[in-house]
Amino acid sequence: IFQAPTAAANMPYTINVGDPISALDTPSMIVDLDLMEKNIDALFSQLLPMGVNIRPHSKTTKSAILAEKLITAGAKGACVAKLSEAEVMCAKGLTDILITCEVVGPTKVKRLVDLFQSYKEIRIVVDSEEGAKAIDTAIGESGVADRILTLIDLDVGLHRTGVEPGEPALQLAKTVAGLKHLKLIGIQGYEGHLQHLHGFDERKRACLESMKILVDTAEALRKAGHQIDVVTTGGTGTAEFCATVKGVTEVQPGSFLFMDTDYRNAVGTKYKNSLTILATVISKQGPKQITIDAGLKSLTTDSGLAECKTLGYTYGVLGDEHGSLSWKDGADLKIGDRVEMIPSHIDPTINLHDFYYAHRNGTIEAIWPVDARGKVQ
Ligand code: PLP
Ligand code: MN
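Below you will find a few notes about this structure. (Residues numbered from 1 in each chain as written. Chains lettered and ligands numbered in written order. Predicted model: local features only at pLDDT ≥ 70, side-chain atom pairs only at ≥ 80, totals over all residues. Heavy atoms only, no water.)

### Description of the overall build of the protein
Secondary structure summary: the protein contains 10 helices and 17 strands in total. Relative to a compact globule of 377 residues, whose C-alpha radius of gyration would be 21 Å, the protein shows 22 Å and is just as compact. Reported as C-alpha extents along the three principal axes, the dimensions of the protein are approximately 70 × 45 × 35 Å. When burial is assessed residue by residue, the protein has 52% of its 377 residues classed as buried. Residue pairs in contact within the protein that sit at least 24 positions apart in sequence constitute 70% of those at least 6 positions apart. Carbon and sulfur atoms provide 52% of the accessible area of the protein, an area that totals close to 15,700 Å². Averaging the coordinates of the 39 positive side-chain charges in the protein and doing the same for the 47 negative ones gives two points 2 Å apart. (Helix = DSSP H or I, 4+ residues; strand = E, 2+ residues; numbered from the N terminus. Rg over C-alpha atoms; globule rule 2.2 N^0.38 Å. Buried < 20%, exposed > 50% of the residue type's maximum accessible area, 1.4 Å probe, protein only. Contact = heavy atoms within 4.5 Å. Areas by Shrake-Rupley, 256 points an atom, 1.4 Å probe, with all protein chains shown as cover. Lys, Arg positive; Asp, Glu negative; His and termini not counted. Charge placed at Lys NZ, Arg CZ, Asp CG, Glu CD.)

Dropping the structure here:
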């Protein structure tokens, strides 16, 4: 199931494992395997000895092969953000999955129940009585006997999703525990607002504050008689702090595998930028500027502009399909040259591409499809 294709299917040209990256058409998404493996090692060798489960977030990679690689490295299952990503991962054989976004609305709930009929290990989060009851009713009507593994989603300060700590969380847990087809197993509290805080000490301080809300709530739920086995949280910017907190059982980092300029600026170079977009110089615009074939459809801009891996060039967006690279002195980029661009925000950038071309020292070693590309439902 996790066998990587040796050649990318459905391509208008042939590219094979063993080919040099110079044989790729552009723009292409390429991964430096040595750097990616260093990132896996850096995260797992630090966090596993701390006694915490690592459930990497596949919202970043959208790839079953990469999720499986991380499980081989020691991960416990995977997270996905959306139900449609879970559908893809399950079809590929990966079933220990936590869907970290609430599943809401009759169509989506029906899809969830359909998936649950075949994949009983799936875990969901709820943050409202309406949401929990709708899922309970739909499972009941489907005739499935099992209970779906459910976590209370807690707001630890992000104010995106999650029930408020204290009485509202207790009330929701009581409701979930009373539902016939939901099985309360834990609590999720994601501190996404802290991931990109600059400065190790400030990020750590703020994270530990959020973690106190999370583990205190978990404890309060236990006192009220609930069995809270899973306390899951954390991302690339905070996982190392979350893992030190007594009561946190699981962390969910995603971006560490590839990084981006936004994370590098905040967290530093503990994890390396292992993924770049390979682009071609297609036009010369005067002595100090060229145009590459990578614009908004290849590199996202919500977190600032991508950077050229070669220092000294400044990227600018020239439209959907075009970008500029300009420089102060000298003119050493010519038509046909290749450049590597480091994305500013890794997750939405990957969602723009069909394949990863993984290489070691410039030789393609693997081609991985972005299985859940475009799966945003
Ligand atoms: N957990 C949840 C709920 C998330 O939404 C995200 C990212 O947005 C992550 C974990 C992973 O974060 P990162 O990619 O920053 O490591
Ligand atoms: Mn992101």
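The rest of the description comes next.
### Side note on the nonpolar core
Grouped together as the largest cluster of nonpolar side chains are 101 residues, with contacts concentrated most on Ile99, Ile135, Phe258, Ile292, Leu325, Met341 and Tyr356. Among the elements that take part in this core, helix H7 (residues 200-223) stands out by supplying seven residues, more than any other. When residues no more than four places from it in sequence are discounted, the contact partners of isoleucine 292 are Ala279, Thr280, Val281, Ile282, Tyr315, Glu321, His322, Gly323, Leu325, Val339 and Met341. Listed in part, the nine residues of the second largest apolar core include Leu24, Ile30, Tyr357 and Ile367. (Core = buried A, V, L, I, M, F, W, Y, C linked by side-chain atoms within 4.5 Å.)

### So, the site of ligand 1
In the vicinity of ligand 1 lie 14 residues, with Lys59, Thr236, Gln252, Ser255 and Tyr263 positioned nearest. At 2.7 Å, a side-chain N or O of lysine 59 approaches an oxygen atom of ligand 1. Serine 255 places a side-chain nitrogen or oxygen 2.6 Å from an oxygen atom of ligand 1. For ligand 1, whose accessible area on its own is 390 Å², the fraction buried by protein is 92%. Residues of the shell around ligand 1, tallied by class, amount to three nonpolar, nine polar and two charged. (Near = heavy atom within 4 Å. Polar contact = N/O pair within 3.5 Å; in protein donor to acceptor, adjacent residues only side chain to side chain. Nonpolar A, V, L, I, M, F, W, Y, C, P; charged D, E, K, R; others polar.)

### Regarding the state of the cysteines
All told, the structure shown has zero disulfides when counted by the stated rule. The thiol of cysteine 90 is unpaired, and the distance to the nearest cysteine sulfur, on cysteine 79, comes to 13 Å. (Disulfide = S-S within 2.5 Å.)

### With respect to unusual backbone geometry
Here the residue pair threonine 26 and proline 27 is connected by a cis peptide bond, since its omega of -5° sits within 30 degrees of zero. Although it is not a glycine, lysine 62 sits at a positive phi angle of roughly 50°. With respect to the secondary-structure elements, lysine 62 resides in the loop between strand E2 (53-54) and helix H2 (64-72).

### What about the packing of helix H5 (residues 129-142) against helix H6 (residues 167-177)?
For the pair H5 and H6, interaxial distance at closest approach is 10 Å and the crossing angle is 10°. In terms of their interaxial angle, H5 and H6 are classed as roughly parallel. Counted together, Glu129, Ala132 and Lys133 of H5 and Gln171, Leu172, Thr175 and Val176 of H6 form the full contact between these two elements. By residue class, the composition of the contact of H5 with H6 is three nonpolar, two polar and two charged. (Axes fitted to C-alpha atoms, helices over the stretch in contact; angles between N-to-C directions. Parallel < 35°, antiparallel > 145°, perpendicular 65-115°, else oblique.)

### Description of the side chain of serine 84
Structurally, serine 84 can be placed in helix H3 (residues 83-91). In this structure, serine 84 is in contact with Arg111, Lys375, Val376 and Gln377, ignoring residues within four places of it in sequence.

### As for the packing of aromatic side chains
Going through the model one piece at a time under the given rule, you end up with six aromatic pairs. Considering the side-chain rings of tyrosine 313 and tryptophan 327, the 5.4 Å spacing of their centres and the 90° angle between planes classify their relative orientation as edge-to-face. Remark: tryptophan 327 occurs in the loop between strand E14 (323-326) and strand E15 (338-342) and tyrosine 313 occurs in the loop between strand E12 (307-308) and strand E13 (314-317); sequence separation between them is 14 residues. Neither residue differs from the other here; tyrosine 313 and tryptophan 327 are each classed as buried. With centroids separated by 6.0 Å and ring planes inclined at 65°, the aromatic side chains of tyrosine 356 and tryptophan 368 adopt a geometry described as edge-to-face. (Phe/Tyr/Trp six-rings, centres within 6.5 Å; stacked < 30°, edge-to-face > 60°.)

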